[in-house]
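Listed below, chain by chain, are the residues.
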Amino acid sequence: MAAPLVELTDPASVDRAARALFGSRLDTRPAVSHSFAAWKAEPDSPLTTIKINEHGPKSDLDFLALHIARARADAIIITGKILRDEPALTFDLRADPRWDDALVQWRKRRWGLLDPPWLLILTGSGDIDFEHPVFRSEVRPLIFTSDRTASRKLADSPCPVVADEAPDIRRAIEHLQVTRECECISVEAGPSTARALYERPMAVKELLLSVYLDPELDERARGAPLVKLSEVRRWFRSETSVTHRERGQHWTFYRLRR
């Protein structure tokens, strides 16, 4: 089933792929959408996030799901740690040649988004390598940090730096919504940062969750636990999901909405 879903030709094919992937049509743009991949080891254990490295399971469908979320967003939030951990990361909507120009056209025609998304990089340390490929990717980078870090370490930044007195992910979202007028924000931050979004009042309006179902996962690919699937299901009012077999592996792709 994997091959037909990732062979995109036009915006209509993206709509069909999204519905086949998540079990529902992506007909809205939530204010805050969170995307992450996790491993489900035990029925009621916390979902363990999967690190992006050579030791983790490879899924073309998970890769597509992430880029679908990016394609309809006004802004994407990551962290400086992600840049350090993923030195080859880019945000190219043509990252898989089988997609051709379909995601780019879906962004323009389906959602009327003509400008590249903002890429907000949340950092406390200010340790940013401006030679990283994201700064040459099809996004508008923006650094969100503390007053102290902005003045001491990022004064010569080639992209805008927002200095905040108490920077965290919720204040980053507020900045994007109020100052940058972003209607849909896709969060890709790691578990230590994203966990705050599930505290009350919960900020996440939609969760796009890729769950790896195989019983074993290399220790080197295991990230931090985030939430239990049973908890997530109580928090969201609407759920669709589809299980796919890909390269002999099984994944379930969830779309949960409030």
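Provided above is the structure to which this section pertains.
These figures come from a predicted structure and were not determined experimentally.

Examining the packing of aromatic side chains
So, point 1. In total, this model carries 6 aromatic pairs according to the counting rule given.
So, point 2. Relative to Trp251, the ring of Tyr212 has its centre 5.2 Å away and its plane inclined at 50 degrees; by these criteria the two rings are tilted. Within this pair, whereas Tyr212 is found in strand E8 (residues 206-212), its partner Trp251 is found in strand E11 (residues 249-257), the two being separated by 39 residues in sequence.
So, point 3. A residue is classified by how much of its surface remains accessible, and Tyr212, at 6% relative accessible area, is buried.
So, point 4. Chaining the aromatic ring pairs together yields one cluster made of Tyr212, Trp251 and Phe253.
So, point 5. The ring of Trp118 has Arg180 lying over it, and the distance from NZ or CZ to the ring centre is 4.7 Å.

Quick word on the nonpolar core
A general tendency of soluble globular proteins is for nonpolar side chains to be buried together.
So, point 1. In terms of nonpolar packing, the biggest core is built from 35 residues, with Ile77, Leu176 and Leu209 touching the most fellow members.
So, point 2. Looking at this core, the element that brings in the most residues is helix H7 (residues 169-178), giving 4 residues.
So, point 3. The residues touching Ile77, leaving out its near neighbours within four places in the chain, are Leu120, Ile169, Ala172, Ile173, Leu176, Ile185, Ser186, Val187, Glu188 and Ala189.
So, point 4. Counting residues in hydrophobic clusters, the runner-up holds 32 residues, among them Leu5, Leu21, Phe22 and Val104.

Focus on H7
So, point 1. Within H7 the residues assigned to the buried category are Ile169, Ala172, Ile173, His175 and Leu176. With its buried residues spanning 160 degrees around the axis, H7 presents them on a single face.
So, point 2. For H7, the side-chain oxygen to backbone nitrogen distance between the N-cap and Arg170 is 3.2 Å, and the N-cap itself is Asp168.

Quick word on helix H3 (residues 60-71)
So, point 1. The end-to-end C-alpha separation of H3 is 16 Å, in line with the 16 Å expected for 12 residues at 1.5 Å each.
So, point 2. Those residues of H3 that fall on the buried side of the exposure criterion are Asp60, Leu61, Asp62, Leu64, Ala65, His67, Ile68, Ala69, Arg70 and Ala71.

Thresholds, definitions, all that
- Within each chain, residue numbers correspond to sequence positions counted from 1 in written order.
- In keeping with the model being predicted, local features are shown solely for residues with a pLDDT of at least 70 and side-chain atom pairs are shown and tallied solely at 80 or more, while totals for entire chains, interfaces and linings include all residues.
- The side-chain quantities take in all heavy atoms of the structure and omit both hydrogens and water.
- Within 6.5 Å between ring centres, the rings of Phe, Tyr and Trp (the latter by its six-membered ring) count as paired, and their orientation is classed by plane angle as stacked under 30 degrees, edge-to-face over 60, tilted in between.
- Helix and strand assignments follow DSSP, with helices taken as H or I runs no shorter than four residues and strands as E runs no shorter than two, numbered in order from the N terminus.
- For every residue, the accessible area obtained with a 1.4 Å probe (protein chains only) is divided by the maximum for its type, and the residue is called buried under 20%, exposed over 50%, and partly exposed between those limits.
- Lysine and arginine charges are scored as sitting over a ring when NZ or CZ, respectively, is within 6 Å of the ring centre and within 35 degrees of the ring normal.
- Among buried residues, those of type Ala, Val, Leu, Ile, Met, Phe, Trp, Tyr and Cys that are joined through side-chain atoms within 4.5 Å constitute a nonpolar core.
- Contacts between residues were defined by any pair of non-hydrogen atoms, one from each residue, lying within 4.5 Å.
- Read the arc as the range of directions from the helix axis to the C-beta atoms.
- Here a polar contact means two N or O atoms within 3.5 Å. Within protein one must be a hydrogen donor candidate and the other an acceptor candidate, and residues neighboring in sequence count only if both atoms are side-chain atoms.
- In this analysis, the expected span of each helix is defined as 1.5 Å times one less than the number of residues it contains.

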